[in-house]
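The residues making up each chain are set out below.
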Amino acid sequence: MNGILVTGATGNVGRQVVAQLVSTGTPVRALVRDAQQPRLPEQAEAVEGDLARPGTLERALADIETVFLIWPFLTTEGASAVLDVIAGHARRVVYLSSSGVSDDTERQTDPINQLHADMERLIERSGLRWTILRSNTIASNARGWAEQIRGTGVVRGPDIAATAVIDPRDIATVAVRVLIDEGHERVTHVLTGPQVVSRAQQVHAIGEAIGRPLSFEEVPLDAARKQMLADGRPPALVEALLAGAETRPHSGLITSTVEEITGTPARTFREWATDHADDFR
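Scope of this entry: the structure provided in the associated data block. (Residues numbered from 1 in each chain as written. Predicted model: local features only at pLDDT ≥ 70, side-chain atom pairs only at ≥ 80, totals over all residues. Heavy atoms only, no water.)

1. Some details on the packing of helix α3 (residues 79-87) against helix α4 (residues 111-124)
Threshold: Simply put, an axis is a line fit to the C-alpha atoms, just over the touching stretch for a helix, and the angle between two N-to-C directions goes from 0 to 180 degrees. To qualify as a helix, a DSSP run of H or I must reach at least 4 residues; to qualify as a strand, a run of E must reach at least 2; elements of each kind are numbered from the N terminus. Each crossing gets its handedness from the near helix: less than a right angle anticlockwise from the far helix is left-handed, clockwise is right-handed. In this analysis, two residues are considered to be in contact whenever any of their non-hydrogen atoms come within 4.5 Å of each other. Put simply, Ala, Val, Leu, Ile, Met, Phe, Trp, Tyr, Cys and Pro go in the nonpolar bin, Asp, Glu, Lys and Arg in the charged bin, and everything else, Gly too, in the polar bin.
One way to put it is that α3 packs onto α4 with a least axis distance of 10 Å and a crossing angle of 35 degrees. Note that α3 runs across α4; the crossing there is right-handed. Residues Ala79, Ser80 and Leu83 of α3 form the contact with α4, whose participating residues are Met119, Leu122 and Ile123. Within the contact of α3 with α4, the residues separate by chemical class into five nonpolar, one polar and no charged.

Rendered as structure tokens:
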């Protein structure tokens, strides 16, 4: 096959990577937990496996040259074993990281950025040829507000620092180019959208897209914690997200990397909201 294995293949970014690879005619295999779920293009080969169980990855990695890796856990526990299995089959890994990772500090601002920094170090030491894609906040995270928007028109939550939110389609398009093209080995690309937008501005853009006035209401961290736990989110994830809300600094970072690699400017959050308005109606 000598193709590409995509992990996180049914998620917001991974699904787009699979679809775009298929459109280029590239042999692509999707790592899924249940191959019977018809959620991917027919041309993509779905193979069952679980990153939490490295021994289940052997079949998925057979005849694979490159892996697009999305790490779905909050710690690096088990990551070294997974990378060892990957290195036993593939030559290359492209890892989706966070633009919040700083090379100038040993400890990152919050647990999620620390996780990505630790994963980057493991990958760089793995013996694999690597490329890191450090992505800014992903626009599709806003889908988590859909129930509040439909119910009350008010999004309540912690007011995380504004960033240049990026459309998952743009991340995927960059990933596909990096996966297919030469010249990206041992390179870290930082991917952002074209505008820094706050949570209130994101909510406003969704309101314009669906034709309803919406508002954002900041709530204290303790109240946010109670609501997130009541919504059924895992406690470890809740604490990691709230740590980011409390400690993540404002970032005015905007890069032109999406356009440089793909030839097309990055989409705005408003464009994403317009294209996904039905998710909030």
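That was the structure; now back to the text.
2. Some thoughts on the side chain of Gln202
Operational definition: Summary of the burial criterion: residues with accessible area below 20% of their type's maximum are buried, those above 50% are exposed, and those between are partly exposed, where the area comes from a 1.4 Å probe applied to protein chains only.
Turning to its location among the elements, Gln202 is positioned in helix α7 (residues 199-210). The exposure class of Gln202 is buried, given its relative accessible area of 8%. Gln202 has contacts with Ala142, Trp145, Val165, Val197 and Phe269, leaving out every residue within four places of it along the chain.

3. Brief notes about the environment of Gly14
Within the secondary structure, Gly14 is located in helix α1 (residues 14-24). Taking the C-alpha atoms as reference, Gly14 lies 8.4 Å from Phe68; in sequence the two are 54 residues apart. Residues in contact with Gly14, not counting those within four places in the same chain, are Val6, Thr7, Gly8, Ala9 and Ile70.

4. Details of the pairing of strand β4 (residues 64-69)
Stated precisely, the cut-off is as follows: Strand pairing is assigned whenever DSSP identifies at least 2 bridges connecting the two strands. Assignment of crossover handedness uses the view with strands pointing away from the viewer, where a clockwise path from the first strand over the helix to the second indicates a right-handed crossover.
The element β4 is largely enclosed, with a buried count of five among its six residues. Note that strand β1 (residues 3-6) and β4 share four bridges and pair parallel. Directly across from Gly3, in β4, lies its bridge partner Ile64. In this structure, β4 lies alongside strand β5 (residues 92-98), joined through four bridges in parallel fashion. Bridge assignment links Phe68 to a residue of β5, and that residue is Val94. In this fold, β4 hands off to α3, which returns the chain to β5; that crossover is right-handed.

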